[in-house]
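An overview of the molecular structure
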Amino acid sequence: MSASSRQALTLQRGRRDFLVRSTSAVLAAGALGIPRASRAAEPVNIGALYPTTGSFAQIGQGCVNAAKLAVQMVNDAGGIKSQGGAKLNLIVSDVQSDTTVTRTETDRLISGNKLSAIHGCFASALTLIASEVAERAKVPLLTGSSSDQLNKGRHYTFTPFARASQFAQAQLQMAKLVSELPKVAVLFENTAFGTSTSNGLREQAAGEGAEIVLFEPYSAGLTDASPLINKVKSSGANMLFPVSYLNDLILIIRGIKQVDLKIAVNGGSGGFVIPDFYKNVGDLAEGLLGVAHWNHDINTDAQRVNAVFQKQYGEFLFEYAGGLVAQTFMIADALERAGSADPEKVRDAIAALDVSQGYAAMCPGGRVKFGPDGKNIYAHPVGVQWQHADLATVFPKEDARASLIKI
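Notes on the structure follow.

**A short note on the overall build of the protein**
Helix and strand counts for the protein come out as twelve helices and 14 strands. Overall, the C-alpha framework of the protein stretches about 105 × 45 × 40 Å when taken along its three principal axes. Expressed as a percentage of its 407 residues, the buried residues of the protein come to 55%. Considering only residue pairs separated by 6 or more positions, the protein has 66% of its internal contacts joining residues 24 or more positions apart.

Here it is in structure tokens:
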């Protein structure tokens, strides 16, 4: 064997002996209780069910953008400290604006991933389906959807914000700001969102001093709003409550202006409180009223998050998207207190949530505490008005951030 070959063999044996000694030393250290280099904590999976395709795609994508921002905020702040700084991992599933797809996607999301919690789905009709699946799988679901049905017979569904019945009451109370004797026309789409909100209006109108002179359902997905506008015109109403999502609402507002119908409008929630409404109707939106479970001006935390979102995406943080930023921090708070990613333990920690500061309390009234039915006992909506291409909180007095402009 040549001198160079003997030298290479010696080096090879040296490396082998070093590896053996190093491995033995690591094993021995473990046996003696000497801590090894700490491993990164396992990430905590959070499911996000939103319609990023289909009729609600624009809204769904805005929700996903907000969800990603919220997760980044939690992770940048050190993750879940009680779990070794575990980072949140957002797993997004497209429910395609379809109830059938929502059922299969929720099931696939839960069965295919180890989830600690879920949030979603924007439209109440979709969320009702998702919550049924989550209930069976015993995975907690937080939602900004407003249907009161979400709080009936469920133990894993939590609603931190106002319910449809509360929205109705706020609309009726705001009507008194416009007229001492409100005569209200109600146009509502025949979905979970539309029927639950409109029923609340009908049940509470007399008690709030308002008279409903038209109560008209319609099939969602209008192509021509003229027949509905004609009924409003002949009803003698001095205020219109359209309970509609974006596309239908745009047609209704344009229809009112086309026939020059002089009537005050409270567009409720749904499509009324998102930036795309103004983008589509422009100055026709100025002065119109609505209600929301969240608005970007409600407190300094909301304003701070809104500034970041607006800089990144070029529009204000709308109701549902802003609400789910708060929900992400509610989940993070529960994970912190649970000290575990187990969904059952996280569910119990959410049920025990009681916060009045920070991003988890970023909601009207500034406090979140769930009752036995999963509703935040402090939740209430705010009245909003389109002012100078922005949505300003004007009602009730204790939540108002701007003065009501009468038109």
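Moving on from the model shown.
**With respect to the pairing of strand β6 (residues 183–189)**
For β6, a buried count of six out of seven residues is recorded, marking the element as mostly surrounded by other parts of the structure. With seven bridges connecting them, β6 and strand β7 (residues 211–218) associate as parallel partners. Bridge pairing links Leu-187 to Glu-216 in β7. Handedness of the crossover joining β6 and β7 through helix α6 (residues 192–204): right-handed.

**Considering the sheet that holds β6**
The four strands lie next to each other as β7-β6-β8-β9, forming an open sheet whose pairing is parallel. The open sheet has two free edges, formed respectively by β7 and β9 (264–265), since each of these has just one partner strand. Looking at chain direction, strand β8 (residues 239–243) and β9 are connected through two bridges and run parallel. What sits directly across from Leu-240, in β9, is Val-265. Against the sheet, helix α8 (residues 246–258) engages β6, β7, β8 and β9, with an angle of about 160° to β8.

**Looking at helix α10 (residues 300–313)**
Look at α10: 20 Å from first C-alpha to last across 14 residues, which is about the 20 Å you get at 1.5 Å a residue. Every buried residue of α10 is accounted for by Asp-301, Ala-302, Val-305, Asn-306 and Phe-309. When α10 is viewed along its axis, its buried side chains cluster within an angular range of 125° and face the same direction. Those residues of α10 that are exposed and aimed more than 90 degrees away from the buried face are Thr-300 and Lys-311. Elements that come into contact with the buried residues of α10 comprise α2 (57–76) and α11 (319–338). Its side-chain oxygen placed 3.2 Å from the backbone nitrogen of Asp-301, Asn-299 serves as the N-cap of α10.

**Thoughts on the sheet that holds strand β3 (residues 115–120)**
Within the open sheet, the five strands sit side by side as β2-β1-β3-β4-β5. Their pairing is parallel. Whereas interior strands pair on both sides, the edge strands pair on one side only; in this sheet they are β2 (88–94) and β5 (157–158). Pairing between strand β1 (residues 44–50) and β2: seven bridges, direction parallel. Within β2, the position partnered with Tyr-50 by the bridge is Asp-94. Sheet strands in contact with helix α3 (residues 99–112) are β1, β2 and β3, and its direction is about 150° off that of β2.

**Considering the environment of Pro-275**
Locating Pro-275 in the fold gives a position in helix α9 (residues 275–281). We classify Pro-275 as buried; its relative accessible area is 8%. Measuring from C-alpha to C-alpha, the distance between Pro-275 and Thr-99 comes to 25 Å, with 176 residues separating the pair along the chain. In contact with Pro-275, not counting residues within four places along its chain, are Glu-315, Phe-316, Phe-318 and Trp-386.

**Re the nonpolar core**
Of all hydrophobic cores here, the largest spans 123 residues; its most connected members are Leu-240, Ile-252, Ile-256 and Phe-277. Sort the elements by how many residues they give to this core and α11 lands first, with eleven residues. Mapped onto the domain boundaries, this core takes at least three residues apiece from domain 1 (33–162 + 298–376) and domain 2 (164–292 + 383–395). With near-sequence residues (within four places) excluded, Phe-277 lies in contact with Leu-246, Leu-249, Ile-250, Ile-253, Gly-271, Phe-272, Gly-282, Ala-285, Leu-288 and Trp-386.

**Quick notes on the packing of helix α5 (residues 164–178) against α6**
For any two helices packed against each other, the geometry comes down to the angle between their axes and how far apart the axes lie. At a minimum axis distance of 8 Å, the contact between α5 and α6 shows a crossing angle of 50°. Between α5 and α6, the angle is such that the two are oblique. Considering only the axes of α5 and α6, their crossing is right-handed. Here Ala-164, Ser-165, Ala-168, Gln-169, Gln-171 and Leu-172 of α5 lie close against α6, whose contacting residues are Ser-196, Thr-197, Gly-200, Leu-201 and Gln-204. Across the contact of α5 with α6, the residue classes break down as four nonpolar, seven polar and no charged.

**Examining unusual backbone geometry**
Of note, the amide linkage connecting Gly-120 to Cys-121 takes the cis form, showing an omega dihedral of 0°. Position of Cys-121 relative to the elements: it lies in the loop between β3 and α4 (124–137). Each neighbour pair has its own omega, and for Phe-395 with Pro-396 the value is -5°, a cis peptide bond. Within the secondary structure layout, Pro-396 lies in the segment after β14 (390–395). We note that Asp-260 has phi near 55°; this positive angle belongs to a residue other than glycine. Looking at the secondary structure, you find Asp-260 in the loop between α8 and β9.

**A closer look at α3**
In a regular helix each residue adds 1.5 Å, so 14 residues correspond to 20 Å; α3 covers 20 Å between its end C-alpha atoms and thus fits that length. Val-101, Thr-102, Glu-105, Thr-106, Leu-109 and Ile-110 are the residues of α3 that are buried. Each buried residue of α3 sits inside an arc of 150° when the element is viewed along its axis, so together they form one side. Looking at α3, the residues exposed on the side facing more than 90 degrees away from the buried face are Thr-100, Ser-111 and Gly-112. Tucked inside the fold, the buried residues of α3 contact β1, β2, β3 and α4. For α3, the N-terminal cap is Asp-98; the gap from its side-chain oxygen to the backbone nitrogen of Thr-100 is 2.9 Å.

What counts, and at which threshold
Residues numbered from 1 in each chain as written. Predicted model: local features only at pLDDT ≥ 70, side-chain atom pairs only at ≥ 80, totals over all residues. Heavy atoms only, no water. Helix = DSSP H or I, 4+ residues; strand = E, 2+ residues; numbered from the N terminus. Buried < 20%, exposed > 50% of the residue type's maximum accessible area, 1.4 Å probe, protein only. Contact = heavy atoms within 4.5 Å. Pairing = 2+ DSSP bridges. Right-handed = clockwise from strand over helix to strand, strands pointing away. Axes fitted to C-alpha atoms, helices over the stretch in contact; angles between N-to-C directions. Expected span 1.5 Å × (residues − 1). Arc of directions from axis to C-beta. Polar contact = N/O pair within 3.5 Å; in protein donor to acceptor, adjacent residues only side chain to side chain. Core = buried A, V, L, I, M, F, W, Y, C linked by side-chain atoms within 4.5 Å. Domains from an automatic or database assignment. Parallel < 35°, antiparallel > 145°, perpendicular 65-115°, else oblique. Left-handed = near helix turned anticlockwise from the far one by under 90°. Nonpolar A, V, L, I, M, F, W, Y, C, P; charged D, E, K, R; others polar.

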